[in-house]
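So the chains spell out like this:
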Amino acid sequence: MRVNCRRVAFLILVSYFVISCYTGFLLIQRRRALATYENQRIQALTEVSDDTGNPGKQGEQLQYRHQYPRILWNLEDDQGLVAMGNHTKPEFVVEIWGKAAISLYLWQHIFDADLGPRMGGVWSYGTKRFQNIEFRYRTGPGVTPSKVPKDTQNLVLSLNVRDFTKIDTAKAWLDALAGFPQLKNVAVLLLGNEQCDNEWIKSYLAANNGSVKFVFVVYDSPDVDNNIFYQWPLGVATYRNFPKVKSAFIPTSIQRKHMCNYMGTIYVNSSRQVLLDLLSTPEMKDRCYVKVRHEWLPEESEHSRDNYLKVLAHSDLTLNPVGMNPECYRIYEALSYGSIPVIEDVLTPGNCGNSSGFSVSAPHRLLKSEKAPVIFIKDWQKELPTILDKEAKMTLEQKSKRRKDVLLWYENFKAKMRKRFVSVIQEKFFGVHQFI
């Protein structure tokens, strides 16, 4: 009887193991299928069309594909680090809790990391190893102070305080960290206020007897000193499901349909209205694709998103007038497709401005310091016609080279931001300076 019980128990254990493996296999296959579908859909948006709107021949498409640009700062290119990641236990574990969409830009675009559903989709989870650190990312409505791991020791908390109504929620999260007895190191990835008014977080800094050792902050805050405050790019609109575009799928040697585009929300008495009026004149109306709306909408339909992506992929230039802040998602989204951002280089009202952390002047300090391949403009009416005249004289060969340069720069920019993020964690959390 004892033998039979052992046999039954063994069979149950084996069955459980087989079912678990099969379930894992199905999840992996599903993830691969979704990734393949997304890549095919994005690739279809960039395909060349003839005058009737029909896709060109497959052979004509393939000749325009190119290899991934070489990543100059990619930490994972170091064979020693890859080996360490594959065969050794990480020395440190850092949790990243995403309560702002910019954490998805960090995870999926900067880290180039995968993300999968947990607890029936209540939250999403992923891991990524860099050097001697394993990062564990959690995001979604299920990520609450009562549900995240209580034994967390090292934490990067992503918060959204783009408008003042969200400050109380951010404070509640920071106050809740007192309930994590093993917590040693805390940093914040902050989607800050568009007027750079982030005074509220200073009371939570370690320098003021708080728990936060440093902050990565979006926008040109004067607080950025590369010691406690570090500037972080706004990135792409992941909350609108902007995809992770693979540069290898972007055709670089074709004639794009639009010389330029402007797609955005129009605000009364703004430079956006000035730009729209300019593009509506008889001399300009046929030079750029224009699609605007007069009320900001947080969500996009799949159709409107795909149309937006297609226009980016088929435009040589993408126009970026200022909004509530000079920095906008459209800048990084255009770079993803090799379209040159034409950026209004004017400060908006508020507290944003120069800082001790940069030798270049605001706005767009991060782009300027990294010598981004963009066109800065002060006055749309005076400068844009000349820019478009110059664009019209460029050869296809010149445009092709420029697109490759843009894609290369953006891939390297993301890799450099990755290195900066990991290096600051190494130094501020663990006292390691060798990778900076």
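Everything below is about the structure shown above.
Note that the structure is a prediction, hence the values are computed from the model and not measured.

Re the pairing of strand β4 (residues 133-139)
Here is step 1: Within β4, six of the seven residues are buried, which leaves the element mostly enclosed by the surrounding structure.
Here is step 2: Relative to β4, strand β3 (residues 123-130) runs antiparallel, the two being bridged by seven bridges. The residue bridging Gly126 from the neighbouring strand is Tyr137, located in β4.
Here is step 3: Here β3 folds back onto β4, and the loop between the two strands holds two residues, one of which, Gln131, carries a positive phi near 55°.

What about the packing of aromatic side chains?
Two descriptors summarise a pair of aromatic rings, namely the distance from one centre to the other and the angle between the planes of the rings.
Here is step 1: Counting across every chain of the model gives 24 aromatic pairs.
Here is step 2: Both rings, one in Trp107 and one in Phe111, keep their centres 5.6 Å apart while their planes meet at 50°; by these two values the pair is tilted. The two residues Trp107 and Phe111 agree in class, both being buried.
Here is step 3: Arranged with centres 4.9 Å apart and planes meeting at 15°, the rings of Trp409 and Phe413 form a pair that is stacked. Here Phe413 and Trp409 lie together in helix α11 (residues 396-430), a separation of four residues that amounts to about one turn.
Here is step 4: A relative accessible area of 14% means that Trp409 is categorised as buried.

So, the nonpolar core
Here is step 1: Core analysis: the largest hydrophobic core is formed by 112 residues, its most contacted members being Phe111, Phe135, Trp232, Leu319, Tyr332 and Leu384.
Here is step 2: No other element matches α11, which puts twelve residues into this core.
Here is step 3: Excluding anything up to four places from it in sequence, Phe111 contacts Ile96, Leu106, Lys128, Phe130, Phe135, Arg418 and Phe421.

What counts, and where the lines are drawn
- Residues numbered from 1 in each chain as written.
- Predicted model: local features only at pLDDT ≥ 70, side-chain atom pairs only at ≥ 80, totals over all residues.
- Heavy atoms only, no water.
- Buried < 20%, exposed > 50% of the residue type's maximum accessible area, 1.4 Å probe, protein only.
- Helix = DSSP H or I, 4+ residues; strand = E, 2+ residues; numbered from the N terminus.
- Pairing = 2+ DSSP bridges.
- Phe/Tyr/Trp six-rings, centres within 6.5 Å; stacked < 30°, edge-to-face > 60°.
- Core = buried A, V, L, I, M, F, W, Y, C linked by side-chain atoms within 4.5 Å.
- Contact = heavy atoms within 4.5 Å.

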